[in-house]
Amino acid sequence: MLIVMSRFFAVLFCLLMLGIFVAGAAVVWVFYEFGRDLPDYRQLANYEPAVMSRVYAGDGRIVEEYAIEGRVFVPFSAIPKRVVSAFLSAEDKTFYSHPGLDFFGIARAVLTNVEAQFNDRRMVGASTITQQVAKNFLLTNEYSFDRKVKEAILALRIEQAFDKDHILELYLNEIYLGFGSYGVAAAAMNYFNKSLDELTLSESAFLAGLPKAPNNYHPIRLSKAAHDRRDYVVNRMLEDKHVSSDDAVTAKGERITVRRRQETEFVAGGQYFAEEVRRHLIDQFGSDSLYRGGLAVRTSLDPKLQGIADRVLRAGLIAYDRRHGWRGPLARMPVGAGWSDRLKSFVQPAGSLEKWRIAVVIRLDEDSASIIFKNSSSGTIPLAEVKWARQWQPDQKRGAPIKRMDQVLMEGDIIYVEEVIPDEGEETYPSETYTLRQIPDVGGAIVVLDPHTGRVSAITGGYSYAMSEFNRATQAMRQPGSAFKPFVYLSALDNGYTPSTIVLDAPFVMDQGPGLPKWKPQNYSGKYYGESTLRTGIEKSQNLMTVRLAQAVGMEKIGEYASSFGIVDELPNNLSAAIGSQETTLLRLTAAYAMLVNGGKRIDPSLIDRVQDRTGRTVVRTDDRECPSCDLASWTGTAPPELPDTREQLTEAASAYQMVSILQGAVERGTGRRVAAVGKPLAGKTGTSNDSFDTWFMGFSPDLVVGVFVGFDEPRTLGTNETGSTVAAPIFKDFMQEALEGEPATPFRIPQGIVMVRVDPDTGLVAAPGSRKAILEAFKPGTAPTRRTAVVGGGDSAPFGISEGDQPSAGGLY
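Residues numbered from 1 in each chain as written. Predicted model: local features only at pLDDT ≥ 70, side-chain atom pairs only at ≥ 80, totals over all residues. Heavy atoms only, no water.

So, on to the overall build of the protein. The helix and strand tally for the protein stands at 21 helices and 23 strands. Sequence separation of 24 or more characterises 68% of the internal contacts of the protein that already satisfy a separation of 6 or more. (Helix = DSSP H or I, 4+ residues; strand = E, 2+ residues; numbered from the N terminus. Contact = heavy atoms within 4.5 Å.)

Across the eight residues that make up helix H8 (residues 201–208), a large majority, eight, are buried. Listed in full, the buried residues belonging to H8 are Leu 201, Ser 202, Glu 203, Ser 204, Ala 205, Phe 206, Leu 207 and Ala 208. Those residues of H8 that are buried lie in contact with helix H2 (81–91), helix H7 (184–192), helix H9 (223–239) and helix H10 (245–252). (Buried < 20%, exposed > 50% of the residue type's maximum accessible area, 1.4 Å probe, protein only.)

Of the residues in the protein, 87% have a pLDDT of 70 or more, and the chain-wide mean is 87. Scored below 50 in pLDDT, residues 26–36 shows 14 contacts in the model against residues more than four places distant or in partner chains. Low confidence marks residues 796–814, where pLDDT is under 50. Its contacts with residues over four positions away, or in another chain, come to 45 contacts. (pLDDT = per-residue confidence, 0-100.)

Turning to the environment of Phe 565, a few remarks are in order. Structurally, Phe 565 can be placed in the loop between helix H18 (555–564) and helix H19 (586–597). Residue Phe 565 is classed as buried on the basis of its relative accessible area of 1%. Sequence-wise, Phe 565 and Ala 594 are 29 residues apart; in three dimensions their C-alpha atoms are separated by 9.6 Å.

What follows is about the pattern of salt bridges. A full pass over the atoms with the stated rule returns 39 salt bridges. A salt bridge links Lys 194 to Glu 203; the nearest nitrogen and oxygen atoms lie 3.0 Å apart. Residue Glu 203 is classed as buried on the basis of its relative accessible area of 8%. Between Arg 669 and Glu 539 there is a salt bridge, with the nearest N and O atoms lying 2.7 Å from each other. Taken together, the residues Arg 669 in helix H20 (residues 653–669) and Glu 539 in helix H16 (residues 534–539) connect sequence positions 130 residues apart. By relative accessible area, Arg 669 is classed as partly exposed at 31%. Through salt bridges with shared partners, one network takes in Arg 535, Glu 539, Glu 668, Arg 669 and Glu 777. (Salt bridge = Lys/Arg side-chain N within 4 Å of Asp/Glu carboxyl O.)

A sheet is described by the order of its strands in space; here three strands give the open sequence S15-S14-S23, paired in mixed fashion. In this open sheet, the two strands that pair with only one neighbour each are strand S15 (530–533) and strand S23 (791–792). In the sheet, strand S14 (residues 502–505) pairs with S23 via two bridges, with the strands oriented parallel. If you follow Val 503 over to S23, its bridge partner there is Val 792. Across the sheet, helix H17 (residues 543–553) lies against S14, S15 and S23, angled at about 125° from S14, the strand it touches most. (Pairing = 2+ DSSP bridges. Axes fitted to C-alpha atoms, helices over the stretch in contact; angles between N-to-C directions.)

The next thing to look at is the packing of aromatic side chains. Taken as a whole and assessed by the stated rule, the structure comprises 21 aromatic pairs. Between the aromatic rings of Phe 484 and Phe 487, the centroid separation amounts to 6.3 Å while the plane-to-plane angle is 35°, which identifies the pairing as tilted. Side by side, Phe 484 and Phe 487 carry an identical accessibility label, which is buried. Among the aromatic side chains, those forming a connected cluster through ring pairs are Phe 484, Phe 487, Tyr 561, Phe 565 and Tyr 593. Here the guanidinium or amino end of Arg 298 rests over the ring plane of Tyr 56, the centre of that ring lying 4.6 Å away. Sitting over the face of the ring of Phe 712, Arg 716 holds its NZ or CZ atom 3.8 Å from the ring centroid. (Phe/Tyr/Trp six-rings, centres within 6.5 Å; stacked < 30°, edge-to-face > 60°. Lys NZ or Arg CZ within 6 Å of the ring centre and 35° of its normal.)

Orientation of H2 relative to helix H6 (residues 164–174), taken along the N-to-C sense of each, is 90°, at an axis distance of 12 Å. Taken together, H2 and H6 sit at an angle that is classed as roughly perpendicular. Every residue of H6 that contacts H2 at Val 84, Phe 87, Leu 88 and Glu 91 is listed here: Leu 168, Tyr 171 and Leu 172. Broken down by class, the residue content of the contact of H2 with H6 amounts to six nonpolar, no polar and one charged. (Parallel < 35°, antiparallel > 145°, perpendicular 65-115°, else oblique. Nonpolar A, V, L, I, M, F, W, Y, C, P; charged D, E, K, R; others polar.)

Okay, the pairing of strand S3 (residues 296–299) next. Pairing between strand S1 (residues 53–56) and S3: three bridges, direction parallel. The residue bridging Val 55 from the neighbouring strand is Val 297, located in S3. Strand direction decides the pairing type here: S3 and strand S16 (residues 608–612), joined by four bridges, are antiparallel. From the neighbouring strand, Ala 296 faces S16, where its bridge partner is Gln 612.

Our focus in this paragraph is the sheet that holds S3. Pairing is mixed in the open sheet, where five strands are placed in the order S2-S1-S3-S16-S17. Looking at strand neighbours, the two that pair on one side only are strand S2 (62–66) and strand S17 (618–621), the edges of this open sheet. Neighbour to neighbour, the strand axes of the sheet diverge by 15° on average, direction disregarded.

Grouped together as the largest cluster of nonpolar side chains are 85 residues, with contacts concentrated most on Phe 487, Leu 549, Phe 565, Tyr 593, Leu 596, Met 659 and Phe 700. In terms of nonpolar packing, the next biggest core, distinct from the first, is built from 48 residues, Tyr 47, Leu 168, Leu 199 and Ala 251 among them. (Core = buried A, V, L, I, M, F, W, Y, C linked by side-chain atoms within 4.5 Å.)

Let's shift gears to the environment of Val 55. For Val 55, the position within the fold is in strand S1. Judged by relative accessible area, Val 55 falls into the buried class, the value being 2%. Along the chain, Val 55 and Ile 608 lie 553 residues apart, while their C-alpha atoms are 9.3 Å from each other. Setting aside anything within four residues of it in sequence, one finds Val 55 in contact with Arg 61, Ile 62, Val 63, Glu 64, Tyr 66, Val 277, Val 297 and Thr 299.

Inspection of the secondary structure assignment puts Gln 658 in helix H20. Taking relative accessible area as the criterion, Gln 658 reaches 1% and is therefore assigned buried. Sequence-distant contacts of Gln 658, defined by excluding residues within four places in its chain, comprise Leu 493, Pro 499, Ile 754, Ala 778, Phe 779 and Lys 780.

Considering only enclosed or pocket space, the second largest pocket measures out at about 970 Å³ in volume. Residue lining of the second largest pocket: 39 residues in total, with Asn 523, Tyr 524, Ser 525, Asn 543 and Thr 688 positioned closest to the centre. Elements supplying a minimum of two residues to the lining of the second largest pocket: strand S18 (683–688) and helix H21 (724–739). With three residues, the top contributor of residues to the lining of the second largest pocket is S18. The class makeup of the residues in the lining of the second largest pocket is five nonpolar, 27 polar and seven charged. (1 Å grid on protein atoms, 1.4 Å probe; cavity = no way out; pocket = protein on both sides within 12 Å on 5 of 7 lines; lining within 4 Å. Points joined across faces, edges and corners; volume = space filled by probe spheres on them.)

The grouping of Lys 527, Lys 540, Arg 673 and Arg 674 at the surface amounts to a positive patch. Within the secondary structure, Arg 674 sits in the loop between H20 and S18. (Patch = residues over 30% accessible without salt bridge, like charges linked within 9 Å, V, L, I, M, F, W, Y side chains within 5 Å. Areas by Shrake-Rupley, 256 points an atom, 1.4 Å probe, with all protein chains shown as cover. Lys, Arg positive; Asp, Glu negative; His and termini not counted. Charge placed at Lys NZ, Arg CZ, Asp CG, Glu CD.)

Each pair of packed helices gets described by two things: the angle between the helix axes and the distance between those axes. Axis separation between H2 and H8 bottoms out at 8 Å; the angle between their running directions is 40°. Judged on the interaxial angle alone, H8 and H2 are oblique. Between H2 and H8 the crossing geometry is right-handed. The segment H2 lies against H8, with Arg 82, Val 83, Ala 86, Phe 87, Ala 90 and Glu 91 engaging Leu 201, Ser 204, Ala 205, Leu 207 and Ala 208. (Left-handed = near helix turned anticlockwise from the far one by under 90°.)

For the rest of this paragraph, the subject is the environment of Ala 729. Assignment of secondary structure puts Ala 729 in helix H21. Remark: the alpha-carbon pair of Ala 729 and Arg 673, spanning 56 residues in sequence, is separated by 9.1 Å. In contact with Ala 729, not counting residues within four places along its chain, are Arg 674, Val 675, Phe 697 and Gly 724.

Structure representation (structure tokens):
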């Protein structure tokens, strides 16, 4: 019997050893078979997740965020212990003790799942945080035996290669937690508008309960499930002794309240500005760096000025549009019952303002129209509020004056309306009274920048970014018309001419060559002022004076100015270019005007001040001047150090000021005089291309430059009598009125060497004592006129201040 028992145990031992050997061989084979083609886990040592890039305004608020995954990376050392404990209790309480696999957890899950099969309950998993890291970073989400084996092998290898804190850092920054949030920091912001260290226990537990299935615990749509899951995590934390009983009770008694990020953290508007920044960043860094690289971009955007720019441009385009009639309703629906229900299915076009509403006309009287809205409320449009809506006709003409409501509207018309809220002193209407609205089809843009640095404060590239992303400030190439003239006159001022130089304003004819018609430019007004001062040529915007002056100075020289001031890359060598026939962009022309008011120094318009990478290292800085004495640590509160002025001098400072003074006269006495209503020192110039296709107003105060352009995207006339003075200048005026409100009336800065002399504006000569029409004119030393001499375009005489040997040619004029 003993022998039999001995043999039995011997066989049993051999079988056991064989089983161990086979199991070991199987394990070795599994590790060999599944482990030979696994991804390189060592790449996790240099983890750089896709991180959101943010664009900031000058005041620190967010302009735009760009990301493939909405993630904010936070190092493990900066993650609060409470948040870490919540995730450990919810996902892997033995994380700091297991080798990557929780063998007891696996066994427990097997038993639980067997029982679940018989009781029709949901099966549970046993993946550790390390396994989840392996799956999220190195494998796919495929649910298969092969993937689980590879996940386990990688988990063991990852645990051998990295410490626990690094693995947890990877996990907490990578997981998706719903609401477009990747990582705990983004989730804290998107759910609760808090940083991680501001989260309560309840909020931390809620976030920790989301990794399994964020959509199943939506705090708004599935509030009960969200609270139950939060309570489960709090209980687990209590079991694991991470929280006290009192804290757990308090946490479970709190409501989960979603707090969206505050609107004050974001800049309203500025979409055109942000898109221009986005294009610059992609050109410089590539799209991958922008959408995954976690760039922090500090821009020059001024939210206040951007808001003003958006408002006044929209108002100006609407005002122009109303002057040219009604183009008809948005759509028309059949007359009948159920107006509101059918109106709800109407898709609202992009471009309406916040206070505009969609309505349908349900009844017409001779002097009013009854309307109804999607919510079944109703209102009335009186005849007075559609008087502007004369029928639109080609070439921006209008039909007959409105005397009856049926000249404008019909029953079933779907229209935009806005409630009438009269200003103090205006005619009042009954409540629920509305005015007819129409989205303008004309385009326009406005640019605002600092003339001393080139920093762009605001860009609005159209009526509505939602309607059109085309940026008319930077992408539209249009003819500046008379807005180019100051650079013709500047080239003359730099070459011996003065503001009192006499130029002939009379009909001009040029032979263009065999087979070509003679070129006969005209003044817009049709008036000729004869022998007039150079100043008059700008103030009255006389084309023929400009053409004569350009021929005298030389188009080649004018082309050098146009190029050096950045208006165009190369100016054609023909006289029509002197009166603005060569296309440019609003941004380029605005920057050129900035170089007049800043004393003739080169600036490059810039939207980006600084770019930092994900580590905070500055990779781009627009102002790259060195400042050895800029040491904040040793600063004692004394006057800040002065940075060197490295800007290139493009023109004489005296010539630049003379041009500024002349442009100030254009506002006070010339084509831009409606701008003078602002009541602050301003200078500027209108511009209108042939047949009023393009209208401009370019102007500035001593420290702010603003350019305005208005025109159709597909060039066509803006209509009879529509010019830069009537279309663009009011927009400029409204902007400056609001932007400069409360600011001191700072005069334009006069450079050294300029002599201010009282002159007669008609003759350019020194004014007689007591003359009431005399103006102060700016002259360089020794150039103030004492006698009447040459007339440009009237003979071969020298202009004021130029000797006979240096006189410019004035030949070839008729």
